[in-house]
Amino acid sequence: MKFGFIGAGKVGFSLGKYLADNNQTVVGYYSEFEEDAEEAAEFTGSKSYRKIQLLVKDSDVLFLTVTDGMIETVWNQIKDTDIRGKIICHTSGALSSEVFSDISKHGGFGFSIHPLFAVSDKYHSYKELSGSYFTIEGSKEKIKDMKSLFEGLGNTVCIISKEDKVKYHGAAAIASNLVVGLIGLSEKLLIECGFDEESAHNALAPIIKGNIGHILNNGCEKALTGPIERNDISTVKKHLAVLETDDRDIYQAVSRQVLKIAKMKNEDRDYSKMEDVLK
């Protein structure tokens, strides 16, 4: 299969390089910013296209690696070209393949393909894609082919339904973006205690690395420690008393989820008073 990319941002760079380095044929890139397409083409050993129609013609599989808000716009640009037998994909975590309206009438096959990985650097993130799960949702006629493609690259692939796309993306956002928010809050509180920014960041590094390691190796229940797990109501009340309103709301909301895990870990422990504190 020959792969083309419309959009030359971080995901386009990373996925194109990942495919090219795994002996897949990447024909090239089109972008509204020509210099981005040229840079991506050089990075992947492919070609930059000035006309979107030519890229469509040369590709068997097209990845629309543009922002979520632009996927439908790009689809409307290409759907009236000859896409018979072609596979059209986007990489949005939240959108389903339904964004490719009436694709079957045009003879194509639509997919949403999403790496469960935070692509943060267009030059280096591709190196970590080999260890990532990919989720695929789309046309039944070709879904086995797309699953086999990424499994052949060494990835674990999960097929999900279009109805579950938003919930799936919510799970990914919690594990990635919201964790960043919580760590940012921890750093803020340390700075309020007299740490400078660098010290706050460095001081939290061991506990963050250690905790993530325990979660990955042993699971959430076994990794859980702290006052909620111990049913230490007094300490939790003290935490709540010193936090400002917004910070306290975050603490309580996340703590209610932590309490659910604590209950699974310690089934014989009575957490009813802790529940009252966290309401």
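For the structure, check the block above.
About the criteria used
Residues numbered from 1 in each chain as written. Predicted model: local features only at pLDDT ≥ 70, side-chain atom pairs only at ≥ 80, totals over all residues. Heavy atoms only, no water. Helix = DSSP H or I, 4+ residues; strand = E, 2+ residues; numbered from the N terminus. Buried < 20%, exposed > 50% of the residue type's maximum accessible area, 1.4 Å probe, protein only. Areas by Shrake-Rupley, 256 points an atom, 1.4 Å probe, with all protein chains shown as cover. Lys, Arg positive; Asp, Glu negative; His and termini not counted. Charge placed at Lys NZ, Arg CZ, Asp CG, Glu CD. Salt bridge = Lys/Arg side-chain N within 4 Å of Asp/Glu carboxyl O. Polar contact = N/O pair within 3.5 Å; in protein donor to acceptor, adjacent residues only side chain to side chain. Contact = heavy atoms within 4.5 Å. Patch = residues over 30% accessible without salt bridge, like charges linked within 9 Å, V, L, I, M, F, W, Y side chains within 5 Å. Phe/Tyr/Trp six-rings, centres within 6.5 Å; stacked < 30°, edge-to-face > 60°. Axes fitted to C-alpha atoms, helices over the stretch in contact; angles between N-to-C directions. Parallel < 35°, antiparallel > 145°, perpendicular 65-115°, else oblique. Left-handed = near helix turned anticlockwise from the far one by under 90°. Pairing = 2+ DSSP bridges. Core = buried A, V, L, I, M, F, W, Y, C linked by side-chain atoms within 4.5 Å.

(A) View of the overall build of the chain. Along its length, the chain carries twelve helices and eight strands. Reported as C-alpha extents along the three principal axes, the dimensions of the chain are approximately 70 × 40 × 35 Å. The buried share among the 279 residues of the chain stands at 39%. As displayed, the chain offers around 15,600 Å² of accessible surface, 52% of which is attributable to carbon and sulfur atoms. Between the centroid of the 34 positive side chains of the chain and the centroid of its 41 negative side chains there is a distance of 5 Å.

(B) Looking closely at the pattern of salt bridges. One pass over the full model with this rule turns up 15 salt bridges. Two residues, Arg50 and Glu34, come together in a salt bridge whose shortest N-O distance is 3.4 Å. Placement of the pair is Arg50 in the loop between β3 (47–48) and α3 (52–58) and Glu34 in helix α2 (residues 34–44), with a sequence separation of 16 residues. Residue classification places Arg50 among the exposed residues on the basis of a relative accessible area of 57%. The exposure class assigned to Glu34 is partly exposed, which follows from its relative accessible area of 38%.

(C) Just the side chain of Thr65, in detail. Note on placement: Thr65 falls in the loop between β4 (61–64) and α4 (68–78). For Thr65, a relative accessible area of 8% puts it in the buried group. Side-chain polar atoms of Thr65 contact the backbone oxygen of Gly7, separated by 2.9 Å. Those residues in contact with Thr65 that sit more than four places away from it in its chain are Phe5, Ile6, Gly7, Ala8, Val11, Gly12 and Thr91.

(D) Spatial organisation of a nonpolar patch on the surface. On the surface, Leu182, Ile250 and Val254 cluster together into a nonpolar patch covering about 200 Å² of accessible area. Tracing the backbone through its elements, the reader meets Ile250 in helix α11 (residues 245–265). Judged by relative accessible area, which is 36%, Ile250 ranks as partly exposed.

(E) View of the packing of aromatic side chains. This structure, assessed with the given rule, holds nine aromatic pairs. Taking the centre distance of 5.1 Å and the plane angle of 20° together, the rings of Phe5 and Tyr29 count as stacked. Of this pair, Phe5 sits in strand β1 (residues 2–6) while Tyr29 sits in strand β2 (residues 25–30), and the two are 24 residues apart along the sequence. The same class applies to Phe5 and to Tyr29, which are both buried. Ring centres of Phe13 and Tyr123 lie 5.8 Å apart, and the angle between their planes is 85°; on these two criteria the pair is classed as edge-to-face.

(F) The arrangement of the packing of helix α6 (residues 165–192) against helix α7 (residues 197–218) in detail. With their axes 9 Å apart at the nearest point, α6 and α7 run at an angle of 130° to one another. The angle between the axes of α6 and α7 places the two elements in the oblique class. Regarding α6 and α7, the two cross each other, and that crossing is right-handed. Together, Ile183, Ser186, Glu187, Leu190 and Ile191 of α6 and Glu197, Ala200, His201, Leu204 and Ile208 of α7 make up the contact between the two elements.

(G) Looking closely at the sheet that holds β3. Strand order across the open sheet formed by eight strands is β3-β2-β1-β4-β5-β6-β7-β8, with mixed pairing between neighbours. Edge positions in the open sheet fall to β3 and β8 (156–159), since each of these has one partner strand only. With four bridges joining them, strand β7 (residues 133–138) and β8 adopt parallel strand pairing. Its bridge partner lying in β8, Tyr133 is registered against Thr156. Lying on the sheet, helix α1 (residues 10–21) is in contact with β1, β2, β4 and β7; it crosses β2 at an angle near 160°. Along the sheet, helix α5 (residues 143–152) makes contact with β1, β4, β5 (87–90), β6 (109–115), β7 and β8, crossing β7 at roughly 170°.

(H) Seen up close, the nonpolar core. By size, the foremost hydrophobic cluster in this structure holds 29 residues, and its most contacted members are Phe63, Phe111, Ile113, Met146 and Phe150. For Ile113, the contacting residues outside a window of four places in its chain are Phe63, Cys89, His90, Thr91, Phe134, Thr135, Ile136, Met146 and Phe150. Counting 18 residues, the second-largest nonpolar core is a separate cluster that includes Ile6, Leu55, Leu62 and Phe100.

(I) Geometry of the side chain of Ser125. Relative to the helices and strands, Ser125 is located in the loop between β6 and β7. If near-sequence neighbours (up to four positions away) are discounted, Ser125 is found in contact with Ser14, Phe117, Val119 and Ser120.

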